[in-house]
Protein chains: 2
Amino acid sequence: MEPTSQKQIQLAERPKGMPDSSTFKFIETDVPKPDQGQVIVRTLYLSVDPYMRGRMQDTKSYVEPFPLNEVIQGGVVGEVVQSNSDSFERGDVVVGMLGWQEYSAASEKDIRKIDPTIAPVTTALGILGMPGLTAYFGLLHIGQPKEGETVVVSGAAGAVGSIVGQIAKIKGARVVGIAGSDEKISYLKNELGFDETINYKTENVAEALEKACPNGVDVYFDNVGGEISDAVYSILNKFARVPICGAISSYNKEDEDLGPRVQTKLIKSSALMKGFVVSDYASHFGEGAKQLGQWVQEGKLKYEETIVEGFDSIPDAFLGLFKGENKGKQLVKVASPLYAQL
Amino acid sequence: MEPTSQKQIQLAERPKGMPDSSTFKFIETDVPKPDQGQVIVRTLYLSVDPYMRGRMQDTKSYVEPFPLNEVIQGGVVGEVVQSNSDSFERGDVVVGMLGWQEYSAASEKDIRKIDPTIAPVTTALGILGMPGLTAYFGLLHIGQPKEGETVVVSGAAGAVGSIVGQIAKIKGARVVGIAGSDEKISYLKNELGFDETINYKTENVAEALEKACPNGVDVYFDNVGGEISDAVYSILNKFARVPICGAISSYNKEDEDLGPRVQTKLIKSSALMKGFVVSDYASHFGEGAKQLGQWVQEGKLKYEETIVEGFDSIPDAFLGLFKGENKGKQLVKVASPLYAQL
């Protein structure tokens, strides 16, 4: 028998600056019952992602803000424990945008079945999921690295950045990664095969970039914004491409995010900057997922996951993203499966 | 007989901030003699352009800095007064990147013959020359306006901006022009048919933009940078395109040009910004010039020229660009033709 009540985390307040304990509200609520066509998904792994900070704001963006006093939405891998759908049965492992709760009611269109025999199910939230597809489309559709070009990636040890750098290597580019700890730097160099690395916490980024990029920068995959990116924009080559994926340095700023304006730099280099979100490429997800899966199976793409345990650690895992605590994809393991074979 | 000596303006000092009389040096020098294959061009009209400010700096850019103590280079329409070339004869009217001087020696590859019976020869420095091609390629290759979309152009009454707005109208877009005087605003509305206008010197640009662009901004052709552009970046629509043509507001700034960073705005809108210079499209110039000429002949493209007279007024005409004194293309008439029939 499944329990009838469960834990859930709601957005209690819209944070100013860094979120804290007053941002989140833990409540005890009923486990939902499935409507016709729905299933009940028991959360096994839950994804925390930097973009979620944006949804905590009440400003116009590419996705709706999280409503106050409702469950926070996010990526979940879970098992079906109850099914009113012909397409799913108990024990199926699924992924979808569900919520920070132990059990979710999900319609068929909200979830997708994943095959635990192909890759660990957690990859559906990482390298074979949203972060992997983000890296794939941002780099290949906007960045378009060519053999021998120099690709710089910031947030290079994160869920997206670590995949960007490896795909750039597959495409024959010279890859320079910027990250914020010696452990991450060693991971990029020794495990992922980055050509050059910069520890932005201990090095002068502008000087280190000059040294690491003697031929300038052809592609800059920007995950972080702020002063790190200011420095990269100054050494863009003619016709450089800059996919703008994230600006984590600014997400918790209370003041306006001021820096050198980029216009003259773009004119001097005839460079292109383009913002994007992964859903812009939804019609190509099949192609991207297939290619990523193939590279993983061929051993060309490695990935790392940072997994903390327990539902109660969700807020800390989320806040850790802004302190750079994660290497690769940050996940929370909420429960072990009851029915699924993992 | 041609005179043997002539006036020339050299770059005397690299200006900090706004150029002034110490920036320029008037000298008296010999009229050059043509080498084999060269001609001597007598300057009739001379172009002053905002981008030339960039070449007075000693920083890496898309074109080399002007050397100190050498003639300042710029667009010239002149007549051939002496020819050692089989391709040109006395009385031919030509256009080329020559210099701020009364006579230039030019090789065949440096100049192009223009036909004074098709359009006034000054158009070779304006609507049928570099500014026209800049507007054409920036708007159509980067901006790609579609019927019914909203196109905002800053520096809208300038040589480039006034053409951008008209081409956008030809393509069926709704056009909003930003300029800095009542006279310019009236020109945009009453003569060029812009749909909406904003006088940035008398109006609150952010508020006026909200009103003028109830459906947001699909294309922003940026000639000016600075706070005007900051305001436009805040109301970009999903998949907006921003050709970055110029940043005249910053060219004479001594301090770093600081403003709100654009990354989060680009992510929210999945917008594209691209810097460019007209020479990026050199291989397409023929197509562009042909289309512009056709539109002019059909009366679909109007143009204005602000012409001051006399070689000695070149520096003031140049500095006037930064005070917004010109409507349309700013030219200096240096001499009347001796041989050419205009």
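Keep in mind the model is a prediction, meaning the values are calculated, not measured.

All names here are of chain A. Looking at the assigned domains, one finds that chain A contains domain 1 (5-123 + 304-333) and domain 2 (130-281 + 289-295). Here the C-alpha centre of domain 2 lies 28 Å away from the C-alpha centre of domain 1. Every contact between the two is made by 17 residues of domain 1 and, on the other side, 16 residues of domain 2. Among the elements that line the side of domain 1 that touches domain 2, the one with the most residues is helix H1 (residues 51-56), at three residues. Among the residues forming the side of domain 1 that touches domain 2, the class breakdown is five nonpolar, seven polar and five charged.

All names here are of chain B. Between helix H2 (residues 130-143) and helix H3 (residues 161-170), the shortest axis-to-axis distance is 9 Å and the interhelical angle comes to 45°. If you check the angle between H2 and H3, you find them oblique. Crossing handedness for the pair H2 and H3: right-handed. Residue-level contacts link Pro131, Gly132, Ala135, Tyr136, Leu139 and Leu140 of H2 to Ile163, Val164, Ile167 and Ala168 of H3. Grouping the constituent residues of the contact of H2 with H3 by class yields nine nonpolar, one polar and no charged.

The next point concerns the pairing of strand S9 (residues 174-179) of chain B. Residue and element names in this part refer to chain B. Of all six residues making up S9, six are buried, and the element is well covered by its neighbours. Burial along S9 is two-sided: the face carrying Arg174, Val176 and Ile178 and the face carrying Val175, Gly177 and Ala179 are both buried. One ladder, built from five bridges, connects strand S8 (residues 150-154) with S9; its direction is parallel. Within the sheet, the bridge partner assigned to Val153 lies in S9 and is Gly177. For the handedness criterion, the β-α-β arrangement of S8, H3 and S9 is classed as right-handed. Where S9 and strand S10 (residues 196-199) come together, four bridges link them in parallel fashion. What sits directly across from Val176, in S10, is Glu196.

This part covers the packing of helix H5 (residues 205-212) of chain A against helix H6 (residues 226-233) of chain A. When two helices pack together, their arrangement is given by the angle between the helix axes and by the axis-to-axis distance. Residue and element names in this part refer to chain A. Interhelical geometry of H5 versus H6 gives an angle of 40° and a closest axis separation of 9 Å. By the angle between their directions, the pair H5 and H6 is classed as oblique. Of the two elements, H5 crosses H6, and the hand of that crossing is right-handed. Residue-level contacts link Val205, Ala206 and Leu209 of H5 to Ile228, Ala231 and Val232 of H6.

This part covers the relation of the copies chain A and chain B. By a simple turn and slide, chain A fits onto chain B: the slide is 0.0 Å along the axis, the RMSD is 0.0 Å, and the turn is 180°. Classification of the inter-copy transformation places it as that of a two-fold axis.

Residues and elements named next belong to chain A. Buried residues of helix H4 (residues 182-191): Lys184, Ile185, Tyr187 and Leu188, and no others. All buried residues of H4 lie within an arc of 160° about the axis, which places them on one face of the element. In this structure, H4 carries Asp182, Glu183, Asn190 and Glu191 as exposed residues pointing more than 90 degrees from its buried face. Of the surrounding elements, those touching the buried residues of H4 are helix H3 (161-170), strand S9 (174-179) and strand S10 (196-199). In the segment just after H4, Gly193 is the residue with positive phi, at about 75°.

Between chain A and chain B, the residue contacts involve 31 residues of the former and 31 residues of the latter. Counting only elements with at least two residues in the side of chain A that touches chain B, the list comes to strand S13 (258-260), helix H7 (263-269) and strand S14 (272-275) of chain A. Top element by residues in the side of chain A that touches chain B is H7 of chain A. It accounts for six residues. Bridging between S14 of chain A and strand S14 (residues 272-275) of chain B involves three bridges; their strand directions are antiparallel.

How each quantity is defined
- Residues numbered from 1 in each chain as written.
- Chains lettered and ligands numbered in written order.
- Predicted model: local features only at pLDDT ≥ 70, side-chain atom pairs only at ≥ 80, totals over all residues.
- Domains from an automatic or database assignment.
- Contact = placed C-beta atoms within 7 Å.
- Helix = DSSP H or I, 4+ residues; strand = E, 2+ residues; numbered from the N terminus.
- Nonpolar A, V, L, I, M, F, W, Y, C, P; charged D, E, K, R; others polar.
- Axes fitted to C-alpha atoms, helices over the stretch in contact; angles between N-to-C directions.
- Parallel < 35°, antiparallel > 145°, perpendicular 65-115°, else oblique.
- Left-handed = near helix turned anticlockwise from the far one by under 90°.
- Buried ≥ 20, exposed ≤ 12 C-beta atoms within 10 Å, placed from the backbone.
- Pairing = 2+ DSSP bridges.
- Right-handed = clockwise from strand over helix to strand, strands pointing away.
- Least-squares fit on C-alpha atoms with pLDDT ≥ 70 in both.
- Arc of directions from axis to C-beta.

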